[in-house]
Amino acid sequence: MVKTRTAAVAAVMSTAVLSTAVLGTALTAVPAVAAPAPPGTDGAGSGERPAARAMPRAAAVGELRYTSALPLSPGVVARTFETSGIGGKAVGDLLDVDLRAPHVRVGLLYPGVVAQRATVSDMANAQHAIAGVNGDFFNISETHAGVPPTGAPSGPEVDGGRALKAAVPDGQRFGPALPPGTSARDVIGVGADRRGHVASLRLAGTVRARLGTLKLRGLNQYALPVDGVGAFTSEWGTVSRQRAVCGTDDARNDPCSTDTAEVAVRRGVVTNVSDTVGAGAIPKGTTVLVGRDGGAAALRKLRTGDRVKIGYRLTGKVRFRFAVGGFPILRGGRPLDGLDAAGPAPRTAAGVSRDGRHLYLAVVDGRSETSGGVTVAELASLLARAGASAGVNLDGGGSSAFVARGPGEASATVRNVPSDGRERAVANGIGVFS
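Residues numbered from 1 in each chain as written. Predicted model: local features only at pLDDT ≥ 70, side-chain atom pairs only at ≥ 80, totals over all residues. Heavy atoms only, no water.

Could you clarify how one ought to interpret the overall build of the chain in this entry?
Across its full length, the chain carries 4 helices and 27 strands. Counting the 434 residues in the chain, one finds 56% classified as buried. Looking at the chain alone, contacts between residues at least 24 apart form 73% of all its contacts between residues at least 6 apart. (Helix = DSSP H or I, 4+ residues; strand = E, 2+ residues; numbered from the N terminus. Buried < 20%, exposed > 50% of the residue type's maximum accessible area, 1.4 Å probe, protein only. Contact = heavy atoms within 4.5 Å.)

Okay, structure coming up:
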């Protein structure tokens, strides 16, 4: 079985080396330090601290050394590794998934609805995955009085080719600062071509009624654009939809709008129009439209009994069968410019090979004497050393989790060392099935 790192790592089995001409010369590692007291919740699930340790900027991890390997099924291999960065020694887990393997599938791990959380191991076992990691950043806490956190992720979700949700405005997302040219719409996933891709997904949707056509600006997301109208379906869950009208496109903590409207549409017919944004389960066959500001004014023109046609899809260069939100950190085998320079932390990342045939899932432990963690820039270099050409940063800190079910084992268990001392409930993850 793949063991957690509660004992010394095994002897080196193999070494991966990447030219310093691509990644730059690795910096001399400084000794790892004991983990400081756990930070207060930053609302991201990322564990990013407002004031990271003052350390030199890191360009790349050191040599990547694999310390164990375990085939979980034909085409899926779990490895442990060690490397180094500005935080000192860093250890972690890497899953190499051959997407060409006949019986291997990659899909979304989630609790069954968008606005809910569960641990990666619980989601993996409920969906019978052999391995998985945590996914997107999410709405874990709230600054708006009386508004409950939704637990919903920031970016798009696609499961089995179905669009579950779209991305919140960039100013409403959680996690480290976005590199230039990236957005909350960016995802990693597997397309209908059975290849891995890093791409962007945009919501295209309309609400057609007797008075004209409205553009749909949201789908099952915890924040709507100012003046926007969003659709909520049974996939959302039971939590209040009030958070969707809070903040602005540029500032997550701005006040909630007081100009709101909500319209229930059942099988193409308006059944209720209200100025109050509600909560509770949405029955299948019903879509709830929520509007704020100008969008609310447009919805208030609808009347009970009006016929309404609602249509939407997520569009982009790739037709995804599965996708989860994450911001790009590696492109063409090179780390992106402008990656967040915050100090080392536990991190989770996903990457794809140049031909899209291999998916790499990596978790780096951090905030301990045995593993100092890595920066986002170092994480990008680690993906490249592992074989990825493109990759994304996923949620980190206490959310970072790597689970696997070895041959003959009854269930998937946590193989890394979560920095909170236990698994955190998260919004979603990437699951590997065989």
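Honestly, the side chain of Ser-73 in this entry has me stumped. Any pointers?
Among the secondary structure elements, Ser-73 is positioned in strand S2 (residues 64-73). Here Ser-434 takes part through its side chain, which lies 3.2 Å from a polar atom of the side chain of Ser-73. (Polar contact = N/O pair within 3.5 Å; in protein donor to acceptor, adjacent residues only side chain to side chain.)

In this structure, what is going on with the sheet that holds strand S18 (residues 309-315)? I would like to understand it.
Where strands meet in a sheet, backbone hydrogen bonds hold them as pairs that are either parallel or antiparallel. Taken in spatial order, the 3 strands of this open sheet run S12-S11-S18, and their pairing is antiparallel. Every interior strand has two partners, whereas the edge strands, strand S12 (212-215) and S18, have only one. If you compare each strand with its neighbour and ignore which way they point, the axes differ by 15° on average. Taken together, the 7 bridges between strand S11 (residues 202-209) and S18 define a ladder with antiparallel strand orientation. Across the sheet, residue Thr-206 finds its bridge partner in S18, namely Gly-311. (Pairing = 2+ DSSP bridges. Axes fitted to C-alpha atoms, helices over the stretch in contact; angles between N-to-C directions.)

In this structure, what is going on with helix H4 (residues 376-386)? I would like to understand it.
Because each turn of an α-helix spans 3.6 residues, side chains separated by three or four positions in sequence point in the same direction. Summarising burial for H4: 11 of the 11 residues are buried, a large majority. Within the sequence span of H4, burial applies to Val-376, Ala-377, Glu-378, Leu-379, Ala-380, Ser-381, Leu-382, Leu-383, Ala-384, Arg-385 and Ala-386. Of the residues flanking the end of H4, it is Gly-387, one or two places downstream, whose phi is positive at about 125°.

Honestly, the state of the cysteines in this entry has me stumped. Any pointers?
Here, the word disulfide means a covalent bond between the sulfur atoms of two cysteines. The tally for this structure, following the rule as stated, stands at 1 disulfide. Between the sulfur atoms of Cys-246 and its disulfide partner Cys-256 the distance amounts to 1.9 Å. On the sign convention where negative is left-handed, the bridge of Cys-246 and Cys-256, at about 90° about the S-S bond, is right-handed. Residue Cys-246 is located in the loop between strand S14 (229-232) and strand S15 (260-266), and its partner Cys-256 is located in the loop between S14 and S15; the two are separated by 10 residues in the primary sequence. Assessed through its relative accessible area of 0%, Cys-246 is described here as buried. (Disulfide = S-S within 2.5 Å.)

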